[in-house]
Amino acid sequence: MTSLQVLDPPARGPFRVAVVLGTRPEAIKMAPVVRALERRPAFEPLVIATSQHREMLAQAMAAMDLQPHVDLGLTHANRTLAEFSAQALLSLAQCLAELRPHLLMVQGDTSTVVSAALAAFYQGVPIAHVEAGLRSGDMHRPFPEEANRRIASITTDLHFAPTELARGNLLREGISPGDVFVTGNTVVDALTSVAPRARFDDPALNTVDWANRRTLLVTVHRRESLGDELSGLCGAFKRILHRHPDVEIVFPVHLNPRVREVVFRELAGVERVTLLDPLGYPDLLEVMRRCHLILSDSGGIQEEAPALRKPILILRTVTERPEVVEAGFGRLVGTNPAAVAEAAGTLLSDPEAYRRMTAGLNPFGDGRAAERIVDVLEARFGLALPERAALGA
């Protein structure tokens, strides 16, 4: 292995926090935490990019104004999960040995997360897990994310749960109550930092008839949704368009070739369907702000929809974020084409049903999760300045 190259090592702060990012959601959700660390003189955040999803990670980091101090360049393309995870574990172990951080921070449920947690655990580096405690109860849905979260929890020292439900999951698994902190979800911090915009960066979005058509945002990328199920979903989307002439679909298509092959075969050239490459985060948020309804198997979008007061039909049979369903914003509809078309039709035809799915309270917090996380770190490691400690901050 070649010696690690530190691209832009920060000079200040004695308490080094290695923040490891591999995918777009990790960059979006950890950007507020990095900013909160930067605002506290005691901390020196070191951003390490594995580049698990290189293009989409770079896109998100640019949108959130993040620069990696270390880029390991470990793209997932053309690698199996085992190949990526093995290489990530080795590279992250070397990286942590050279940087010698006082703490590792990871977020979520990716292969980057579990590899980083194992690398830190093997070297005795304490681990903090942001968005800890989410559970679907099915090890294969989502795959491999459910297993990744459970493995990360076993190695983690500080668990930052976004909700009381997530905290309860951890306590039932035997995690000490003193190591679990309910903070809210940092995605709310992230989206409130991005202002609404009059125009999109992607020119195709500026041609959508937002004023006269009800737009549906569609995203599909989960492994369990691929193949025949994805083809069936595309059929459901065409059925919705046929039944509702005032509806238009905006569909940012994941870079996974297995997703793109099916979606472009089924939907390219279909009237009132706009197929796009993955959107930058500001554009995606603006689409969510303007759209009428969301159909998605994404975890992050399930969290963003309530903050933007949008109903979401979840194209899965189970979710590790049941709060969105309990709050009324989400409904699990699976991938059966008839069920998906019927659920969308109800919300497009029944104003009262639509109102009920937008009237609840956001279960994912108030946009101050990152500050709460750093408050805990200051207290746990004795880093609070005297004046902050006196105020109980």
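What you see is a predicted model; the values in this text were computed from it and never measured. (Residues numbered from 1 in each chain as written. Predicted model: local features only at pLDDT ≥ 70, side-chain atom pairs only at ≥ 80, totals over all residues. Heavy atoms only, no water.)

Draft legend 1. Geometry of the overall build of the protein. Helix and strand counts for the protein come out as 16 helices and 13 strands. Its C-alpha atoms give the protein a radius of gyration of 21 Å, within 12% of the compact-globule value 21 Å for 393 residues. Dimensions of the protein, computed from C-alpha atoms along their principal axes, come out at roughly 60 × 45 × 40 Å. With 393 residues in all, the protein has 56% of them scored as buried. Summarising the internal contacts of the protein: among those between residues at least 6 apart in sequence, 69% fall at separations of at least 24. With an accessible surface of roughly 15,800 Å², the protein has 53% of that area assigned to carbon and sulfur atoms. A distance of 2 Å separates the average location of the 42 positive side-chain charges in the protein from that of its 47 negative side-chain charges. (Helix = DSSP H or I, 4+ residues; strand = E, 2+ residues; numbered from the N terminus. Rg over C-alpha atoms; globule rule 2.2 N^0.38 Å. Buried < 20%, exposed > 50% of the residue type's maximum accessible area, 1.4 Å probe, protein only. Contact = heavy atoms within 4.5 Å. Areas by Shrake-Rupley, 256 points an atom, 1.4 Å probe, with all protein chains shown as cover. Lys, Arg positive; Asp, Glu negative; His and termini not counted. Charge placed at Lys NZ, Arg CZ, Asp CG, Glu CD.)

Draft legend 2. Just the pairing of strand β1 (residues 15–21), in detail. Across the seven residues of β1, six count as buried, placing the element largely inside the fold. For the crossover from β1 across helix α1 (residues 24–38) to strand β2 (residues 43–49), the handedness is right-handed. (Right-handed = clockwise from strand over helix to strand, strands pointing away.)

Draft legend 3. How the structure looks around the side chain of Arg-24. Secondary-structure assignment places Arg-24 in helix α1. Within the structure, Arg-24 has its side chain in polar contact with the backbone oxygen of Leu-279 (distance 2.4 Å). Excluding anything up to four places from it in sequence, Arg-24 contacts Met-56, Leu-57, Gln-59, Ala-60, Leu-279, Gly-280, Tyr-281 and Leu-284. (Polar contact = N/O pair within 3.5 Å; in protein donor to acceptor, adjacent residues only side chain to side chain.)

Draft legend 4. Main features of the packing of aromatic side chains. Going through the model one piece at a time under the given rule, you end up with six aromatic pairs. Here the aromatic rings of Phe-160 and Phe-181 are separated by 6.0 Å at their centres, their planes lie at 35 degrees, and the arrangement is tilted. Note that Phe-160 is positioned in strand β6 (residues 158–161) and Phe-181 in strand β7 (residues 180–182), a separation of 21 residues in sequence. Each ring, one from Phe-200 and one from Trp-210, has its centre 5.6 Å from the other, and the planes form 25 degrees; the classification is stacked. Here Phe-200 is found in the loop between α7 (186–192) and β8 (214–219), whereas its partner Trp-210 is found in the loop between α7 and β8, with ten residues between them in sequence. Clustering of aromatic rings is evident, with ring pairs tying together Phe-15, Phe-43 and Phe-381. (Phe/Tyr/Trp six-rings, centres within 6.5 Å; stacked < 30°, edge-to-face > 60°.)

Draft legend 5. Molecular detail of helix α9 (residues 257–267). Among the residues of α9, Val-259, Val-262, Val-263, Glu-266 and Leu-267 are the ones counted as buried. Around the axis of α9, the buried residues are gathered within 95 degrees of arc, so they sit on the same side. Residues Pro-257, Glu-261 and Arg-265 are exposed on α9 and point more than 90 degrees away from its buried face. Against α8 (228–243), β9 (247–252) and β10 (273–276) lie the buried residues of α9. Sitting at the amino-terminal end of α9 is Asn-256, which places a side-chain oxygen 2.9 Å from the backbone nitrogen of Arg-258. The first or second residue beyond α9 is Gly-269, which carries a positive phi of 85 degrees. (Arc of directions from axis to C-beta.)

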